[in-house]
Structure formats: structure tokens, C-alpha cells
Amino acid sequence: MAKKKSKTRKTTKTKRNLSLKLNRQQKVVLGSFLMLFGLALIVAFISFLFNWQADQSVLNEFANREVEARNWLSKFGAAVSDFFIYKGFGIASFTIAFLIFLSGIYLFFGFKSSNLQKFWFWGILVMIWLSVFFGFFAESNALLGGRIGFEMNDFLQDYLGFFGTTLLLLFLFIAYLAIRLKITPEMIGSYFRNGKKELQDAFEQHPPNVAETDEEIDWKKETITTVQEEEPKSIDLYDPDTKEEPEAAPRKEEASDETEEDVSMEVEAAPEEEEEDNLSKKLVSDFGEFDPTLELKNYKFPTVDLLKDYGGGITINQEELEENKNRIVDTLKNYKIDIAQIKATVGPTVTLYEIIPEAGVRISKIKNLEDDIALSLSALGIRIIAPIPGRGTIGIEVPNKNASIVSMRSVISSPKFQNAEMELPMALGKTISNETFVVDLAKMPHLLMAGATGQGKSVGLNAILTSLLYCKHPAEVKFVLVDPKKVELTLFNKIERHYLAKLPDTEEAIITDNTKVINTLNSLCIEMDNRYELLKDAMCRNIKEYNTKFKARKLNPNDGHKFLPYIVLVVDEFADLIMTAGKEVETPIARLAQLARAIGIHLIIATQRPSVNVITGIIKANFPARVAFRVTSKIDSRTILDNQGADQLIGRGDMLFTQGNELKRLQCAFVDTPEVDKITEFIGSQKAYPDAHILPAYESEESGTGVDIDVSERDKLFREAAEVIVTAQQGSASLLQRKLKLGYNRAGRIIDQLEAAGIVGPFEGSKARQVLVTDLAALEQLLNEEPNN
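Criteria and thresholds
- Residues numbered from 1 in each chain as written.
- Predicted model: local features only at pLDDT ≥ 70, side-chain atom pairs only at ≥ 80, totals over all residues.
- Heavy atoms only, no water.
- Patch = residues over 30% accessible without salt bridge, like charges linked within 9 Å, V, L, I, M, F, W, Y side chains within 5 Å.
- Areas by Shrake-Rupley, 256 points an atom, 1.4 Å probe, with all protein chains shown as cover.
- Salt bridge = Lys/Arg side-chain N within 4 Å of Asp/Glu carboxyl O.
- Lys, Arg positive; Asp, Glu negative; His and termini not counted.
- Charge placed at Lys NZ, Arg CZ, Asp CG, Glu CD.
- Helix = DSSP H or I, 4+ residues; strand = E, 2+ residues; numbered from the N terminus.
- Polar contact = N/O pair within 3.5 Å; in protein donor to acceptor, adjacent residues only side chain to side chain.
- Phe/Tyr/Trp six-rings, centres within 6.5 Å; stacked < 30°, edge-to-face > 60°.
- Buried < 20%, exposed > 50% of the residue type's maximum accessible area, 1.4 Å probe, protein only.
- Pairing = 2+ DSSP bridges.
- Axes fitted to C-alpha atoms, helices over the stretch in contact; angles between N-to-C directions.

Draft legend 1. Seen up close, a positive patch on the surface. A contiguous patch of positive charge, built from Lys112, Lys118, Lys297 and Lys687, is present on the exposed surface. Its place among the elements puts Lys118 in helix H6 (residues 113-134).

And the structure:
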């Protein structure tokens, strides 16, 4: 089996190498050649129509350089035109020149090639049809149908006759109109009806001056009242969700026998929504629903073979289970707690022992024996769940002596993940009962991860990203990756033009600079506001309704509407951002957490240090879904989960997950760096978008005003303050307060003046400003070079 797999892999690799893929530069060169060549053919063909008889003798002496041709492209133009027009398809050969020119435009400007293939297919058919049609007139002018058109027409007439050939060509013409141009008799009828409607409107604006009888006026009032009463019903019929045809159509026929003014009133009673709804239905019936994946229609999802199979499922050690059971029973008996029943559920790393105590035993008494049970079992990570929600039992979680690895491959290939009907499915790992645990990020709607160093946070992030890469097309989801450590998420650089989003005029999509993080978060806030405007215009409540409406072609792209992909913001080591930027990061994070759910922007934030100054109350309130790997103290566990338990985990991917209700213990799926590398390499080698998804531009507002550039308006202590800053090489207002005994406001104004003079750098959050002048001599030189000095 292994040999067969290796052979198939080799064959697929050779097929990839043999496939002809043009880069952007090659497409520009080939496109420009085809455009100019197509233009040359058009010029040669036009010239041939006027000079073909004079150039017939030239074709017999093509190699003689002394003979000149009258064609505008000389002998080459005469020869090519003779081949295509005289000996070929006649004047229908202009189609060939046009298709070559069109192919050049598509390659030069990088348009979709799928439309070009349709143009060639239908263009060749039209050329043949025209050639055969003009073959009827070949005796009067040989250039009309060409030799091929004349012969084909003559062949058809020998078997079908003139009348049969005409009927065949008429049938092919009707088929072309119906299949290619989507023209039906109903469309032609509606065109004439619209023309009739325009005439009626014009007649209404200038009615004949004829006196009406009282009887006619009373009859018209009755008609108007009837139409107004039925108007709400007609609006319901035009509801986009209704698939039935409007019932207002038969009324036009009934009213057509009446006076023309009454007919016009009946027409106005049918609102314009009918035309818009019919238009959207017509667009869907003609072109189908909008497919956002069409630009990368040949994109292939990563295969499961790219993931490593760590083998071996759960091995049940009956001896270990019996030993642990006896120790638990004996320990509880020592405290006079009798057990009615005990049951063991073996998981990948932890075994859950469910016990039912005898009647009259207090649950809190068992809960307080956590440390005693851990001592008797000689094991770390003992956790007591008293009671287990929904079961009526008490759970004791005991780590296995030989833990098994939960591979990402086993989780991805599980039916639960493959058949998950979720917007953003994430396979986090397996539960204690060895079931694959899959959750929907879109319903969370944000995820907070915490855990000590080396306990599995980075692997957890890779597992989440891998899950989304295996189930979502590049058109459906985009990632904004923030990596202050600069090493955890670098592998995803390879899929920048497929899946990543970034700020305009930014080289790398993965953000490592704290300043760019602030700009990116504020840019996402702008994107959020823009998306809410689109949802408001489309009268939709969330991104799912909006995209469904857009796919059904009920939203006009000319009004700014477009397909909206989900955006997932992943922040690794959030504590570092809070330490360096503080409120500048917390404010946009809080805004996104509060508002971004409905428009498809979701946050995944990871941190090593889950202290209250990092995970503040505002953030916790908007992150109901939380993942806790092993932490060092009960306080940290309460900070992240609002509950104990994370301090009793055993590490190496052992985690607790909560979505605002009960805690679930999971073993995180393990995906190693080489596996992520293979996946990103597989995706990155495929055709991609021209660039990463571009976020809205955001210009940061620095705290320095930059207004006080007039030397005469500077503070009296400006020079002295500059010397203090340069000497200490620390640009902070608090330093000036201490050294010069100033108030905070005055010290802040001097710092702004120093920034305007180019002595200190811009505001950098809680960090001190950078000093741009190295020593006092350079400071003196800088101040002496100023214009007013």
C-alpha cells in the first residue's frame, strides 16, 4: 500500500511539473503579442477586401522580393488573408482576428480565463454558421463565404436542398439566441409590452380633453378603491422569499378591455418591486447563484495525507483501572463514604471515574477529599466534578499512566468534522469519552485562550487554523495574524495571497510590530463600521443573511455591495501588547468583541499570563468561550474560567473548554510544525489572488500635536528640558517633572515641542519616547541650525 501511495504521489508531482503555468510577466508579454497580432490580422483582412484581385499574382511569387503586394501588411498580409478569407471562411474570418485580439486583452490585464474559453467556443460556431450562410451568395462574390463556406453550403444543398438548408440554419440561429444570448419569446413579448406601457404613460401625461359622464367617474372611483385595497397583498407577493408567480398578471388582461386610463392605473398598482424581483430571478435562472469561489475555482483543499498519523488509539489497561478503582473506594471508605456504583470512561490522557454515593452522603464531603485521593493514587491533575451536570453522578478525573497522542489527522478525518454544518468549524481535540470535539467559532463568537509557557497554546492555535484551512475556501475566510514573538505564526506567510489580510502598503501580512497592531485593530473597526453600513442598506441582520442575499443576486454590486468573507483575528501573546500599548489595544479589541459578531469578524486571543490587568473585565464580558491550558495557580484559573480546575491539568495539550456553561476537559489535537509547513506549502503552490485581502487604510493619531513649530512660542525652559532629555536619553514627561519641578501639563507641552523640533520621537503608548539626538553637541548643532537662531 505504501509503495502504491508513493507511486501515485510521484505521478501527481510529475503532472504538476508538466502543467504549463504562466506567471504575471509571461502573461503580459504573451497578451501584448496576441493583441498586436490580432490587430494586424484585422488590418490585413480589411486591406484584402479591396486589393485581393491585384494580389493574386503576388501569392504565386511569394519568395521573389522584387514583387510588391498592395496589401497594407505586404506579402504576409496578402498570404494570411488569402488563407483565411478566400480559401477559408470568407468575411466571417474576422471572428478569428477578433478572438485573438480578445485573448491578448484577457492575458494582458489578467482577466478570468473561463469567460475566454466560452468566447472561443461560441465564436468558432458563429464563424462557421456565417460562412455557410454567406455561401448562398458565393457565386456573386467569392469573398463572402469563402471556399469552405461555399463547399459546406453546396454539400448541404445536395442532400437537403435550398429550403432544407435554410431551415437548418434558422434552427441553429434560434438555438444560438436561446442558449448563448438567453433570448426567449417571453423576453421579446415583455419588450413589446414595455413599449406599449411607455405609449400609455405618454398618453396619460397628455390626455384628450373629453368630458366624462358622472357614471364613468363613479365607475373609476370603484376601480381605484379596489386596487388600493389589494395593494398590500401585491407587496406580499413580491416578497423575495415567495416563489409563486404574482397574481396581478391576469388582471391586466381583464382591464385591457376597459378605458386606457383605467389600464394605466392597474399598471401603477403593480409596484416596481415586481420588475426587480423578476430581474433577480432572471439573473439567477440565467447565470445561477453568484459563486465567490469562482476566481479560484480550481483550488484544492489540503489532503489528510499531509497530516501525520501518530498511530494507536486508546489502549485500555484493565489492571490500571482496577487498581485506581480500589484506591478510590478505599480512600472514601476511610472517611466513611460508601459507594453504590462506579463506572470508568477511558479517554486519550484522562480516565473519568463516575461514582454514585450511597444515600445521605454530602457531595461537599467528597469534593474536599481531592488532595487525599490524589495522594492515594500518586497522580497529578486529579479533578473532582461534583456533580457532573445532567448525569447525577460525581466525576473523578485521573490521568492515565500512558497517555496517547490525539493526532490532527484523526480529528480532521472524523465524520463529526467532515459532516459539520457550521460556518467556521474548529476541531479542538477529543473529549474524555474519545469523541471528536467540534465547535463553531461563528456562534462563540470569540475565543480566549490562556495557559503557562509550554502547555500547548501555540499548538492549539495551529489546530484551530488548520481546521479552518481544511474546510473553508480562500474566498470564504481571511486571517489577520498578530505574532509579537515573531516565530509562532511565520509558517502561514506562504498562504498570504490565499488566506491572509493586511493593511495597504504593508510588506508582510503577519504583524509583529506593536504599532502596526494598533493600526490593524483600528482598521478592523473601520471594516466593521463599513460592513454594518452594507447590512443596513441590504436590510439584513447578520453576515449569513447578507451573503445569501448577495449570492441570489438581489444586491447590486454597483451600489457597493460585495461578498463578505469571514475575518478571524488571531493574537498570540496578548499580554505583551497590553504591556506595551495598554488602552490603545484594549479599546479596539473591546469594540470588536462587542459589535463584530454579526458582521463576521471573530477574535481568538491567546496569552501566557491570565492576570486581571491583562484579561480585564471588559474583555472577559465579551469572550464567553474560553480555553484554559495548565496554569500555575488557582487565581489564574479563576481569572480565565471564573472557576477552579485549570491549575490541576497535567499539561501537554490537556485543557478545559467552556462556552459560558459547563467545563469540558479535552485533549488538544496535536499538529506539529512540519505538518503545518506541508499544509501551507500545498496551499501556497496553487494559484492565488494577486495580493492579500486589503483592509481599510487607517492613519494613527499620535499624541504629539506637531503644531508648535514656531521657535518664539516655545517654553522658557525648552533648551534646559532638551538638555535633560538628551543627557538621560529618556523622552518622558515624568522625567521633566522631577528634574525641572514642573507640573504635568507644562511638561507635556514641552515634550510636544521637543517632538516638533525633532529631538524626541512620537508617542509609543506606555513606553518612553525615543530620543533622536545622541549627545549635547549634536543638540547644540541642531538648535543653532534652526531658522530663527
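Draft legend 2. Looking closely at the side chain of Asp715. Summarising the element assignment, Asp715 is placed in the loop between strand S15 (693-694) and helix H28 (718-728). Only 2.9 Å separates the side chain of Asp715 from the backbone nitrogen of Leu717, close enough to count as a polar contact.

Draft legend 3. Structural view of the packing of aromatic side chains. Summed over all chains, the structure comprises 20 aromatic pairs. With centroids separated by 5.5 Å and ring planes inclined at 65°, the aromatic side chains of Tyr310 and Phe670 adopt a geometry described as edge-to-face. Taken together, the residues span a long stretch of sequence, with Tyr310 in the loop between helix H13 (273-287) and helix H14 (318-334) and Phe670 in the loop between strand S14 (663-668) and helix H27 (673-684) at a distance of 360 residues. A relative accessible area of 24% means that Tyr310 is categorised as partly exposed. Here Phe479 and Tyr499 contribute two aromatic rings whose centre-to-centre distance is 6.0 Å and whose plane-to-plane angle is 35°, an arrangement assigned as tilted. Of this pair, Phe479 sits in strand S8 (residues 477-482) while Tyr499 sits in helix H20 (residues 496-499); the two residues are 20 residues apart in sequence, bridging distant segments of the chain. An identical accessibility class is assigned to Phe479 and Tyr499; each is buried.

Draft legend 4. Representation of the sheet that holds strand S3 (residues 383-388). With antiparallel pairing, 4 strands are arranged side by side in an open sheet as S1-S2-S4-S3. Two strands in the sheet have a free side with no partner beyond their single neighbour: strand S1 (339-346) and S3. Going across the sheet, the axis of each strand differs from the next one's by a mean of 20°, ignoring polarity. Strand direction decides the pairing type here: strand S2 (residues 350-357) and strand S4 (residues 393-399), joined by 6 bridges, are antiparallel. Residue Glu354 lies in a different strand from S4, and its bridge partner there is Gly395.

Draft legend 5. Representation of the pairing of strand S12 (residues 625-628). Neither face of S12 is open: one carries Ala625 and Val627, the other Arg626 and Ala628, and all of them are buried. In this sheet, S12 lies alongside strand S7 (residues 447-450) in parallel orientation, the contact comprising 4 bridges. Within the sheet, the bridge partner assigned to Leu447 lies in S12 and is Ala625. Both S12 and strand S13 (residues 654-658) contribute to a ladder of 3 bridges, which runs antiparallel. Looking across to S13, one finds that Ala628 is bridged to Leu656.

Draft legend 6. Examining the environment of Phe763 more closely. Structurally, Phe763 is set in the loop between helix H30 (744-756) and helix H31 (776-784). Measuring from C-alpha to C-alpha, the distance between Phe763 and Asp752 comes to 9.5 Å, with 11 residues separating the pair along the chain.

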